[in-house]
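Observations on chain architecture
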Amino acid sequence: MSRLLLLLLVSCVPPPEPPPAPAFSVARGFIRDREGRALILRGANVSGHHKQPPYLDFHAADDFARMRTEWGMNSVRFLVSWAGLEPVRDTYDDVYADEVVRRVKLATDAGLLVFVDMHQDLYGVGFAGGNGMPRWTCDEANYANYRPNPLWFLNYTSAPVTACFDAFWKSRDLQGKLVAAWSHLAERLAGNPGWIGFDPLNEPYWGSIPPDVLEANRLASLYRDIIAAVRVHRADALAFLEPTGSRNLGVPTGLPTFAEGGIVYAPHSYDGDAEQGLGFDPARRQLLIDEVAELRAEADARGAALVLGEYGGMAANPGIGEYMDAEYAAAGQARAGAMYWDYSKNDGYGLLAADGSPKPVLLAAVARPYPERIAGEPGAWSMDGATFRFTFTPDFTVKAPTLIALPAGTFTATCETCTATVQGGQVEVVAAAGAQSCSVTVTRE
Ligand code: 9MR
């Protein structure tokens, strides 16, 4: 073939298509959608009842529809159990895996975005009250030697639970099994575009290693392995990374910056006294807000977005309304996503009572307006009585509108240097040409 013909042929081949922009990415402290808008995730954990066999709860399509349309939520932290997925070493329960995939699809069909949490409390199912790690992952002698304390989280310090964590953090082989389980699940979830990410391990416990040392070394390398394994199946899956549970006790995180990108820092926000069953003292509101501000600083220092993977309280305990209002304020000031713990039916944290009726005291603070997609840099948001306020700096290179999600109800909206239109369960905000800053006020009638 002549050189001229070859040149002609080469110049006729169209240039390769640029790879599609990732559906979601992280930039400048926020998850960003394909249009470049900041995305704030607000939703609930589904659910605490996934901890025990059959590792699933009652949720059906109308539950997810209710989350989206009645409560205005846009996301779910969906709990998965490694014990359910790999009950026997190297043998996956694909009936369970397929049911997880089917239920995640129910949620995404209802318009929710889902990230999956590999949950554990107190190591695993070998300990009474524990969940998460399969029984085969630790020496039976530890389970036999366990004597539980009624305040569940104090059991982390028991010698057998600590021994199992120590063995887990020492064993790259065992960690590799968790990595492989993640790969197995991610492969099945990957076909669903509404599945946006993964939370590798709930509230990791440090055992006898200092928490910040564990975070900087072993936990970070486990996270790197899981990120790599999951992203084989979905290159843009977001990694919702938790510090150890010591963060709940106010200890700054030792997690490093992850060069991989697409990182969402996903710690939990609880008041220590309320978690012990003492109720919430409203005098502790500012402390809670300050703690979430520290979480925002930790996310910023690592180039990550911030989503509080859990916040919540027991509806019957004193101060619950003030507590959940403080959590809303804290998330708004830190410009953080937040996932309520949890959407289940019970007398404790559940959004529904045991008879299935919603608990008004919780929903009053949980189901509120929030800025869902922001064409620019989000400022803080707040709710004072019936009035929601939000300010942002518009970015005119982003063409899609800013959207404020609303729960069911009647709302009106006003806007400074912008227009705001209430329609279809949301407020659409468009900045006026040249606006430096836009302030939106939404009022519940
Ligand atoms: O609300 C849950 C409670 O009913 C259980 O006894 C306990 C132990 O499994 O877990 C509680 O849920 C916690 C979650 O698993 C981890 N973060 C804190 C949650 C509230 O305490």
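Residues numbered from 1 in each chain as written. Predicted model: local features only at pLDDT ≥ 70, side-chain atom pairs only at ≥ 80, totals over all residues. Heavy atoms only, no water.

**With respect to the site of the ligand**
Residues in contact with the ligand, as listed here, are Lys-51, His-119, Asp-121, Asn-131, Trp-152, Asn-202, Glu-203, Tyr-270, Glu-275, Glu-310, Trp-341 and Tyr-349. Glu-310 is positioned such that a nitrogen or oxygen atom in its side chain is 2.5 Å from a nitrogen atom of the ligand. Tyr-349 is positioned with one of its side-chain polar atoms (N or O) 3.3 Å from an oxygen atom of the ligand. Out of a free accessible area of 460 Å², the ligand has 79% covered by protein chains. Here the shell around the ligand is composed, by residue class, of four nonpolar, three polar and five charged. (Near = heavy atom within 4 Å. Polar contact = N/O pair within 3.5 Å; in protein donor to acceptor, adjacent residues only side chain to side chain. Areas by Shrake-Rupley, 256 points an atom, 1.4 Å probe, with all protein chains shown as cover. Nonpolar A, V, L, I, M, F, W, Y, C, P; charged D, E, K, R; others polar.)

**Considerations on the sheet that holds strand 18 (residues 418–423)**
Strand order in this open sheet of seven strands is 1-2-3-13-16-19-18, and the pairing throughout is antiparallel. The sheet is open, and its two edges are formed by strand 1 (24–27) and strand 18, each paired on a single side. In terms of strand pairing, strand 1 meets strand 2 (residues 30–33) through four bridges, oriented antiparallel. What sits directly across from Phe-24, in strand 2, is Asp-33. (Pairing = 2+ DSSP bridges. Helix = DSSP H or I, 4+ residues; strand = E, 2+ residues; numbered from the N terminus.)

**With respect to the nonpolar core**
Grouped together as the largest cluster of nonpolar side chains are 102 residues, with contacts concentrated most on Met-67, Phe-78, Tyr-123 and Leu-351. Ranked by the residues each element gives to this core, the list is headed by helix 8 (residues 211–231), at nine residues. Discounting residues that sit within four places of it in the chain, Met-67 has contacts with Ala-44, Val-46, Gly-72, Met-73, Ser-75, Val-76, Leu-112 and Tyr-343. By size, the runner-up hydrophobic cluster in this structure holds 23 residues, among which are Met-383, Phe-390, Val-427 and Val-429. (Core = buried A, V, L, I, M, F, W, Y, C linked by side-chain atoms within 4.5 Å. Buried < 20%, exposed > 50% of the residue type's maximum accessible area, 1.4 Å probe, protein only. Contact = heavy atoms within 4.5 Å.)

**Some points on the state of the cysteines**
As enumerated under the stated definition, the model contains two disulfides in all. Paired by a disulfide, Cys-138 and Cys-164 hold their sulfur atoms 2.1 Å apart. Its S-S torsion of about -95° marks the bond between Cys-138 and Cys-164 as left-handed, since a negative value means left-handed. Of the two residues, Cys-138 sits in the loop between strand 6 (113–119) and helix 5 (140–144) while Cys-164 sits in helix 6 (residues 159–170), which places them 26 residues apart along the sequence. Exposure remark for Cys-164: the relative accessible area of 0% places this residue in the buried category. Across a sulfur-sulfur distance of 2.1 Å, Cys-415 and Cys-418 are joined as a disulfide pair. (Disulfide = S-S within 2.5 Å.)

**Structural notes on the sheet that holds strand 15 (residues 387–394)**
Across the sheet, which stays open at both edges, the four strands sit in the order 14-15-20-17 with antiparallel pairing between neighbours. The sheet is open, and its two edges are formed by strand 14 (376–384) and strand 17 (411–416), each paired on a single side. Direction aside, neighbouring strands of the sheet carry axes that sit 15° apart on average. In this structure, strand 17 lies alongside strand 20 (residues 438–444), joined through six bridges in antiparallel fashion. Paired with Cys-415 across the strands is Val-440, a residue of strand 20. (Axes fitted to C-alpha atoms, helices over the stretch in contact; angles between N-to-C directions.)

**Considering the domain arrangement of the protein chain**
As far as domains go, the protein chain holds domain 1 (19–367) and domain 2 (369–445). Computed from C-alpha atoms alone, the centre-to-centre distance between domain 1 and domain 2 is 29 Å. At the interface, 27 residues of domain 1 touch 25 residues of domain 2. Buried area between domain 1 and domain 2, summed over both chains or domains, comes out near 1,900 Å², and the portion from carbon and sulfur atoms is 53%. Among the residues of domain 1 in contact with domain 2, Arg-37, Ile-40 and Tyr-328 are the three that bury the most area, contributing 31% of the side total. (Domains from an automatic or database assignment. Buried area = accessible area lost by both parts, 1.4 Å probe.)

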